[in-house]
Amino acid sequence: MKLDRPKIIVTGGAGFIGSHTVVALVENGFEPIIIDDFSNASHSVLDGLYKIIGRQIKCYEMNCCRAEQLEDILQKEGDIKGIIHFAAFKSVSESQQYPLKYYENNVLSLGSVLRVMNKLNIKHLVFSSSCTVYGEPDQVPVTESSSIKEAASVYGYTKQIGERMIGDTINASKGLQAVILRYFNPIGAHPSAHIGELPNGVPENLVPYITQTAIGLRKQLTVFGGDYPTPDGTAIRDYIHVMDLAMAHVKALDWLKRNDERQGIFNIGTGKGTSVMELLSSFERINQVKVNYQIGPRRPGDIEQIYAQCDKSNNVMDWEAHFTIEEALRDAWNWEKKFRESN
Ligand code: UD1
């Protein structure tokens, strides 16, 4: 079969955001090729993708820190139009416990991707960054020019390093261009419930903890902190449906194609702050299910509130979030139910 769809390498393409982005890429005329070492992803994701897309997506099982192996694969593939680099560890608490694991994997893998891009003359990179680079912001909403504070975790620092590595490499290279996407809090699942968020072990993030409590896998959710200076005392975040986030990667590739600028940095959120208690109530209301919870102490390293100003991604990249929080919570719940029924 002759392919006229632009080939895009998706490192970490079997992960939560990566797999949803693979779907968005296919729906928008691209040919994604996954590279994933499955250290934090299940092979069953590939079956889910097959059910949604209706055909197999090519997947290489490897760790992209291995620059030589990565180069071999990309060379063999040929004609790669761009790389979306998701592959990274993302647990804040684990990063504090095992800093070297995070420095090695997150920094080395980006280094290896950039090295191979330079060598093979691949021009377009989209990088997964995080709102964690803003630290505890002085003001909300944060814009892309809000100050970058000292990172509160090793994980956050690896994202700051990544952004800097990309800037420095671009300055020293001929034609490399990159989009850095600063994700806020991705939640939800594909509306088909064939793919979704599949944390290893006890979830650290709020929504998987809620869905696993609602289904009976966890006894009780602890709301971390009820004494923040917010209207209901709980912390505020900007929760965004993972399919909206996935679509931002398609828009980023489009922007890179039509633009001469070497680098674009964009916030990817909804612009709306939601507290933990608001999110929990919405989940219970939309899904007609009760979640057993208690208010506990604050979690170390958590900030009081952060949400995005997304004017730049709306105006410059022509991207905006369409799904509501309720839709994201419905999809997250449908995914949890379907996954537990079949596993
Ligand atoms: C963190 C990181 C973010 C990263 C994301 C992915 C920071 C500031 N943010 O987001 O960069 O991309 O993880 O792993 O480092 N909560 C509870 N009970 C729970 C779990 C969470 O109350 O059992 C609360 C948290 O205190 C927080 C909110 O829910 O207020 C969201 O937490 P979580 O889903 O873990 O995401 P962040 O910590 O915001």
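One can find the structure itself at the top, above this paragraph.
Conventions we followed
- Residues numbered from 1 in each chain as written.
- Predicted model: local features only at pLDDT ≥ 70, side-chain atom pairs only at ≥ 80, totals over all residues.
- Heavy atoms only, no water.
- Helix = DSSP H or I, 4+ residues; strand = E, 2+ residues; numbered from the N terminus.
- Buried < 20%, exposed > 50% of the residue type's maximum accessible area, 1.4 Å probe, protein only.
- Polar contact = N/O pair within 3.5 Å; in protein donor to acceptor, adjacent residues only side chain to side chain.
- 1 Å grid on protein atoms, 1.4 Å probe; cavity = no way out; pocket = protein on both sides within 12 Å on 5 of 7 lines; lining within 4 Å.
- Points joined across faces, edges and corners; volume = space filled by probe spheres on them.
- Nonpolar A, V, L, I, M, F, W, Y, C, P; charged D, E, K, R; others polar.
- Pairing = 2+ DSSP bridges.
- Axes fitted to C-alpha atoms, helices over the stretch in contact; angles between N-to-C directions.
- Core = buried A, V, L, I, M, F, W, Y, C linked by side-chain atoms within 4.5 Å.
- Contact = heavy atoms within 4.5 Å.

Caption draft 1: Looking closely at the environment of E136. Relative to the elements of secondary structure, E136 occurs in the loop between β5 (124-130) and α6 (154-172). Residue classification places E136 among the partly exposed positions, given a relative accessible area of 39%. Separated by eleven residues in sequence, E136 and S147 place their C-alpha atoms 9.9 Å apart. Among the polar contacts listed, one links the side chain of E136 to the backbone nitrogen of E304, at a separation of 3.3 Å.

Caption draft 2: Representation of unusual backbone geometry in the model. For the bond from V140 to P141, the omega torsion is -5 degrees, close enough to zero to count as cis. When you line up the elements, P141 lands in the loop between β5 and α6. Although it is not a glycine, F38 adopts a positive phi angle of roughly 55 degrees. Turning to its location among the elements, F38 is positioned in the loop between β2 (31-36) and α2 (44-53). Residue classification places F38 among the buried residues on the basis of a relative accessible area of 10%. Even without glycine at this site, Q288 takes up a positive phi of about 50 degrees.

Caption draft 3: Examining the layout of surface pockets more closely. Of the voids in this model, the second largest pocket is the one considered here, and its volume is about 180 Å³. Lining the second largest pocket are P6, I8, F30, K81, G82, H124, L253, D254 and K257. Those elements that place two or more of their residues in the lining of the second largest pocket are β4 (80-85) and α8 (242-258). Among the elements that line the lining of the second largest pocket, the one with the most residues is α8, at three residues. Each residue belonging to the lining of the second largest pocket can be placed in one class, and the counts come to four nonpolar, two polar and three charged.

Caption draft 4: Just the sheet that holds strand β1 (residues 7-11), in detail. Read from one edge of the open sheet, seven strands run β3-β2-β1-β4-β5-β6-β11, paired in parallel fashion. Looking at strand neighbours, the two that pair on one side only are β3 (59-61) and β11 (263-268), the edges of this open sheet. Sheet twist, expressed as the average angle between the axes of neighbouring strands with direction ignored, equals 20 degrees. Bridge analysis of β1 against β4 gives five bridges, and the strand direction is parallel.

Caption draft 5: Structural context of the nonpolar core. Counting residues in hydrophobic clusters, the biggest one holds 39 residues, and the most contacted among them are L25, L49, V179, L181, I268 and M317. The contact partners of V179, leaving out residues within four places of it in the chain, are L125, V126, F127, A252, W255, L256, G264, F266 and M317. One finds I73, V116, M117 and F127 within the second-largest nonpolar core, a separate group that totals 26 residues.

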